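# Topology and contacts: notes
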Amino acid sequence: MQLISHSGLATWLDHLAQETTLIAPRNVDGVLLYRPVQSSGDIVWDFVRPVLSVKEAFFPATERVLTIEKTGQQIRLNETVPDGERVIFGVRSCDARGFLAMDALFANTEPVDVYYTTRRENTALIGLSCNEMGETCFCTSTGGAPDDPTGMDLMLTEVDDGYAIQVITEKGAALLPEITLQELAGEIPQPVLNDPVPFPPMEAWPPQFNDAYWADMAERCLSCRICAYVCPTCRCFDVRDEPLPAENGSQHFERIRCWDSCAGEVYRQIAGGHNPRAAKGDRMRNRFFCKFYYYPEQYGPVACTGCGRCVDACPVNIDITEVMHAVQRLAEVEP
Amino acid sequence: MSYTTEIQATARDLLSSDQVSCVIGYEVGPRGRTRPAFIYTADDADRLVWNQNCTHNLTTYLHQKLRPNGYTSAPAETERVAIVVKACDSRAINVLVAESQINREQVHVIGVACDGVFEGAGLGRSDGATLQHRCTECGERTPVTYDTLIGEPQAVDTLDSEHDLAHLEAMTPAERAEFWLSQFDRCIRCYACRQACPMCSCPTCLYERDDSQWIGMGNGLNEKRTFHLGRAYHLAGRCIGCDECERVCPVDIPIGLLNRKLAGEVEAAFGYRAGLEPIPSPLTTILSGKEG
Amino acid sequence: MTYEPRIIGFLCTWCSYTGADLAGTARLQSAWNLRSIRVPCSGRVSPELIMKAFDQGADGVLVLGCHIGECHYDNGNHRTAKRLPVLHSLMEFAGLEPERLRLGWVSASEGERFARIVNEFTDVVRELGPCSWQQNGHRPQAVRAILESEV
């Protein structure tokens, strides 16, 4: 394994910022977000995780999927596939693991989502291992680890006099600086781990479907969408056509898709006004069943990477680890 | 007796004598974070706590308790609940009563003479020392309406609350526009501000209709600015300044500034501050004082 | 070509709109920049409509209603008189130049007053230049790029 010094890394990142679009954790008015940076000086190094996951760089909050031009009887549809190559630096293992879940739906299941997959192909991920887990992190309980390179192209881990570089993919190798790197002497330090939280197996979930727990737990839920929007794996969206300014005699529209969340009241409402998930308990239950039962059943991966963002962002302390504890406990009482 | 034991005793009494079906208060979750709690039996009253992390404005839950079938149906008249409020939260009770959202008789208000709540409370970011901005400016620490008072009424000097507004007001329009655009740019339209607000009680939010008539569904700056300014306008003369919207915002947009600005405008124009008495805002009524 | 502002006028049908007609029949010159929208009452002009006009690229918005005490619906213009100043201070606080929004009272017999207010207002807005309120980039990424390049 190779070693890059602190100054070597800064020079390399400056170079990347010049050559391509470099996205990295940045302090935006006091809020840490993945945003384009002009140089390595813009990058925040000491952090647990940015407020929003790196998901937004691949599956943005709003995306134009096509434009529609109507002139007389003529209708023209224009596809708007994203272009431009990007490098994202400072990706955490939990976020990269989120791509297992996102890819399962958008890339590995027909129909393939061209917007998402194009961004995935055009973007290289440089991971940054966590030296220790944050207070609410539980990645080790959902199959990950603070230094797990899954989904990365390069993986960096802080060592005494710089960063150890692990090359994961060819895309990653192509990014490496042209300077000669030293060989790393010694071992990479192991991250400090939190105690694991129980991870109820899939079969533990269905028997709890009608338990009173869901309504009780959800009573304090505000039905906002923070948990879904900060989540590295939540991928629900809504699609709508909206008008754009147009010349006289023609009409111009765009089709956009925007994040949506099953916690929101109208998410499940159908034509005519009926809402099969009108109760908050039903909506919250869906959120957790989706993560640990429906999604693995339908697509394979568990839709939680243990990043802990929802735990930290929820204004009323609805805690996914508490739910995992509760389901485990319920399953032990009534297997 | 500590506030916690007083609240627990009051709750136990109210529940065991069937005066209320539920007490809405605060508890401490397994992670040590203070959060809203719904207590239904006298035995459970031990879960209730009072501490300086009790930041949530629980009056936002009154709708779901007293109007379980939605806003368009009549209130559930037999239901009666108790609720723990701080001075700021108690003003929300008055506004909800004034706007006929709830009947005052259906709520047993457990008012707490509060010493202020901490920055980052409820989110695990409290340092246990720094008071929230609104608390450092709070002039009334005794609830304006209550059925049971926990603690002694306290008089506090009213402090100058204009300095952060003055900073913005001194800017040029272009600078202010840039300030707000960079703030609204971070918005992800999670609607947490609206959901946490006791005054945001429309069955369908104007800005979340499925016809895109007022604003589009997208996350563009036009849409986000219109949502925030529109919401601020809808709260003019109604906002009681609990700043929950600002606390819950995951990307720290200073929404409270907009609300304070308009509260100041309404006070200057009508000499009215929301929630001090159960009367509707003069901004939303006409000369006779009754909606025409 | 010199800059000409786009101005949206919300005119109460009972007075200001009729006042505009009178200005026309009296052959008074008033600025063509005004796009008139006839509304049943100035009280019908909700703040959302004004914000939407600016969102969609208006350089100025003029709301004209009946004089206080002359509302066809008794108190519609009272509501306008309360609402508009609050909206005005909000939009100013959010960065709109205050001169771009104006509320005025014009009766059906005041054709001359109508023309004068429209001309004055148009001159003021023309002087201010194009309004930067509308965020045409539409997608935040585009706007963000503009903001960052200015820093």
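Only a predicted model underlies this, so the values are computations on that prediction, with no experimental measurement involved.

Thresholds, definitions, all that
Sequence order sets the numbering: in each chain, residues are counted from 1 along the sequence as written. Think of it this way: whatever chain is written first is A, whatever ligand is written first is 1, and the rest follow in order. Residue-level local features of this predicted model are given only where pLDDT is at least 70; pairs of side-chain atoms are given and counted only at 80 or more, and the full residue set underlies all totals for whole chains, interfaces and linings. Just so you know, side-chain values use all the structure's heavy atoms and leave hydrogens and water out. We call two residues in contact when some of their heavy atoms are within 4.5 Å. The term salt bridge refers to a pairing of a side-chain nitrogen on Lys or Arg with a carboxyl oxygen on Asp or Glu at a separation within 4 Å. Between N or O atoms, a polar contact is any pair within 3.5 Å; within protein, one atom must be a potential hydrogen donor and the other a potential acceptor, and residues adjacent in sequence are included only when both atoms are from side chains. By definition, any uninterrupted DSSP run of H or I lasting at least four residues is a helix, any uninterrupted run of E lasting at least two residues is a strand, and each is numbered from the N terminus. We call a pair of cysteine sulfur atoms a disulfide when they lie within 2.5 Å. Only protein chains enter the accessibility calculation, which uses a 1.4 Å probe; a residue is then buried when its area is under 20% of its type maximum, exposed when over 50%, and partly exposed in between. Under this scheme, a helix contributes an axis fitted over its contacting stretch, all axes are lines through C-alpha atoms, and angles between N-to-C directions fall in the 0 to 180 degree range. Any angle that falls under 35 degrees is termed roughly parallel, while one over 145 is termed roughly antiparallel, one within 65 to 115 roughly perpendicular, and all others oblique. Residues are grouped as follows: Ala, Val, Leu, Ile, Met, Phe, Trp, Tyr, Cys and Pro are nonpolar; Asp, Glu, Lys and Arg are charged; all remaining types, including Gly, are polar. At least two DSSP bridges between two strands are required for those strands to pair. Defined in terms of a 1.4 Å probe, buried area is the accessible area two parts forfeit on being brought together, summed over both. Each domain span listed reflects an automatic or database assignment of domains.

Below, the discussion takes up the interface of chain C and chain B. Every contact between the two is made by 32 residues of chain C and, on the other side, 43 residues of chain B. Summed over the shared surface of chain C and chain B, the result is 1 salt bridge. Measuring nitrogen to oxygen at the nearest pair gives 3.5 Å for the salt bridge that ties Arg225 of chain B to Asp55 of chain C. On the surface where chain C and chain B come into contact, there are 12 residue pairs in polar contact (both at pLDDT 80 or more). Elements with a contribution of two residues or more to the side of chain C that touches chain B: α2 (47-55), α3 (76-93) and α5 (140-150) of chain C.

Attention now goes to the state of the cysteines. In a disulfide, the sulfur atoms of two cysteines are covalently bonded to one another. Residue and element names in this part refer to chain C. Scanning all chains against the criterion turns up 1 disulfide over all chains. At a sulfur-sulfur separation of 2.5 Å, the disulfide partner of Cys15 is Cys66. Looking down the S-S bond of the Cys15 and Cys66 bridge, the torsion is -100 degrees, so its handedness is left-handed. In this pair, Cys15 sits in the loop between β1 (7-12) and α1 (16-25) while Cys66 sits in the loop between β3 (60-65) and α3, placing the two residues 51 residues apart along the sequence. On the basis of relative accessibility, which here comes to 3%, the residue Cys15 falls in the buried class. Owing to a relative accessible area of 5%, Cys66 belongs among the buried residues under this scheme.

Further remarks concern the packing of helix α6 (residues 173-185) of chain B against helix α8 (residues 221-234) of chain B. Think of two packed helices as two axes; the pair is described by the angle between the axes and how far apart they sit. Residue and element names in this part refer to chain B. It is the contact of α6 with α8, at a shortest axis distance of 9 Å, that shows an interaxial angle of 100 degrees. In terms of axis orientation, α6 runs roughly perpendicular to α8. Between α6 and α8, the residues in contact are Leu181, Phe184 and Asp185 and Leu221, Lys224, Arg225, His228 and Leu229, respectively. Here the residues of the contact of α6 with α8 are counted per class, giving 4 nonpolar, 1 polar and 3 charged.

Another aspect to go through is the sheet that holds strand β5 (residues 74-79) of chain A. All names here are of chain A. Strand order in the open sheet formed by 4 strands is β5-β4-β12-β11, and the pairing between neighbours is antiparallel. The sheet is open, and its two borders are formed by β5 and β11 (237-244), each paired with just one other strand. If you compare each strand with its neighbour and ignore which way they point, the axes differ by 20 degrees on average. With 6 bridges joining them, strand β4 (residues 62-71) and β5 adopt antiparallel strand pairing. Directly across from Thr67, in β5, lies its bridge partner Asn78.

A separate point is the interface of chain B and chain A. Counting residues at the interface gives 43 residues for chain B and 38 residues for chain A. Surface buried jointly by chain B and chain A totals about 3,200 Å² across both partners, of which 52% is contributed by carbon and sulfur atoms. The interface formed by chain B and chain A holds 6 salt bridges in total. When the shortest N-O distance is used, the salt bridge between Asp29 of chain A and Arg186 of chain B registers 3.1 Å.

Below, the discussion takes up the sheet that holds strand β2 (residues 34-39) of chain C. All names here are of chain C. Pairing within the open sheet is parallel, and its 4 strands lie in the order β2-β1-β3-β4. In this open sheet, the two edge strands, each paired with only one partner strand, are β2 and β4 (101-105). The sheet shows a mean angle of 20 degrees between the axes of neighbouring strands, direction not considered. When β1 meets β3, the two strands line up parallel, connected through 5 bridges. By the bridge assignment, Leu11 is partnered in β3 with Leu64. Against the sheet, α1 makes contact with β1, β2 and β3, and its axis sits at roughly 110 degrees relative to β1, the strand it touches most. With respect to the sheet, α3 is in contact with β3 and β4, its orientation differing from that of β4 by roughly 160 degrees.

All names here are of chain A. Relative to the assigned elements, Gly249 resides in the loop between β11 and β12 (250-259). You can call Gly249 exposed: its relative accessible area is 70%. Considering only alpha carbons, one finds Gly249 and Gly72, 177 residues apart in sequence, at a separation of 7.5 Å. Residues in contact with Gly249, not counting those within four places in the same chain, are Lys70, Thr71 and Gly72.

The next thing to look at is the pattern of salt bridges. As enumerated under the stated definition, the model contains 41 salt bridges over all chains in all. Among the ionic pairs, Glu69 of chain A bridges to Arg76 of chain A, the shortest N-O distance being 3.3 Å. Here Glu69 of chain A falls in the partly exposed class, since its relative accessible area comes to 27%. Across the pair Glu208 of chain B and Arg194 of chain B runs a salt bridge, and its minimum N-O distance is 2.8 Å. Highlighted residues: Glu208 of chain B in the loop between α7 (192-196) and α8 and Arg194 of chain B in helix α7, separated in sequence by 14 residues. Its relative accessible area of 8% is what places Arg194 of chain B among the buried residues. Taken together, the salt bridges that share partners define one network made up of Glu322 of chain A together with Glu27, Arg35, Asp44 and Arg47 of chain B.

This paragraph deals with the domain arrangement of chain B. All names here are of chain B. Examined at the domain level, chain B breaks down into domain 1 (3-150) and domain 2 (163-274). The gap between the C-alpha centroids of domain 1 and domain 2 is 24 Å. Contacts between the two partners involve 24 residues from domain 1, matched on the other side by 20 residues from domain 2. Across the domain 1/domain 2 interface, buried area totals approximately 1,700 Å², and carbon plus sulfur atoms make up 51% of it.

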